[in-house]
Amino acid sequence: MSEEREVSRRRLFRWGAAAAAIGGVVGHAAAWTRALVPNVRYEPPQRRTLGPLDRFPKGRTFLSDEKLFIVRDKLGLRALSAVCSHLGCTVGPSKAGYHCPCHGSRFAADGANLDGPAPRPLVWYALSIAGSGALVVDLGKEVAAEVALEIPRRGA
Ligand code: FES
């Protein structure tokens, strides 16, 4: 009886050791395989096509999907973020510039923060014109408020 129990215990240890060895090999193989997959961040593209230039008349055009104001004035075309620099609410236009409805921050027409809890100005993004003639914004490239895209003359 005692010898039988000893054999059974030995068998249990063998199975346990085999299971641990197999688990170790499988774990290492899984980790090695995972190392072959690059660590990539899947984010939406930073460059967005906004549409033909005549979609943006003089003044401010709000694009809700992009949370952007496209400003067309004597400087040309510029893209201003409508995301409040405080906690990210969407700002709206006001007489003097922009106003955040969440906590009352006010911004000048050039995006400078005037008062309220917003710690920084609104962000301006780079604009360009695609080969198709459509306006393109690069949300990964911030520019100064004075940087404008010159509007090409028709037929030029
Ligand atoms: S989110 Fe705009 S003032 Fe707080």
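Residues numbered from 1 in each chain as written. Predicted model: local features only at pLDDT ≥ 70, side-chain atom pairs only at ≥ 80, totals over all residues.

In this section: the overall build of the chain. Looking only at helices and strands, the chain features one helix and 10 strands. Element order for the chain, N to C, with α for helix and β for strand: α-β-β-β-β-β-β-β-β-β-β. A compact globule built from 156 residues should have a C-alpha radius of gyration of about 15 Å, whereas the chain, at 30 Å, is more than 25% larger. Expressed as lengths along the three principal axes of its C-alpha atoms, the size of the chain is roughly 100 × 45 × 20 Å. (Helix = DSSP H or I, 4+ residues; strand = E, 2+ residues; numbered from the N terminus. Rg over C-alpha atoms; globule rule 2.2 N^0.38 Å.)

Bringing the pairing of strand 9 (residues 124-129) into the picture now. In this structure, strand 4 (residues 76-81) lies alongside strand 9, joined through two bridges in antiparallel fashion. Across the sheet, Leu-80 pairs through a bridge with Trp-124, a residue of strand 9. Where strand 9 and strand 10 (residues 134-143) come together, six bridges link them in antiparallel fashion. Across the sheet, residue Leu-127 finds its bridge partner in strand 10, namely Val-137. Counted along the chain from strand 9 to the antiparallel partner strand 10, the turn is four residues long, and its residue Gly-133 has a positive phi close to 95°. (Pairing = 2+ DSSP bridges.)

Right, let's get into the domain arrangement of the chain. Along its sequence, the chain is organised into domain 1 (1-42) and domain 2 (47-143). Using C-alpha coordinates to define each centre, domain 1 is positioned 57 Å away from domain 2. (Domains from an automatic or database assignment.)

We now examine the sheet that holds strand 6 (residues 97-99). Reading across from one edge, 5-6-7-8 is the order of the four strands in this open sheet, with antiparallel pairing throughout. Sheet topology places strand 5 (92-93) and strand 8 (113-115) at the edges, where each strand pairs with a single neighbour. In this sheet, strand 6 lies alongside strand 5 in antiparallel orientation, the contact comprising two bridges. Its bridge partner lying in strand 6, Gly-92 is registered against His-99.

Mapped onto the elements, Gly-104 comes out in the loop between strand 6 and strand 7 (106-108). The exposed category is assigned to Gly-104, around which 12 C-beta atoms lie within 10 Å. (Buried ≥ 20, exposed ≤ 12 C-beta atoms within 10 Å, placed from the backbone.)

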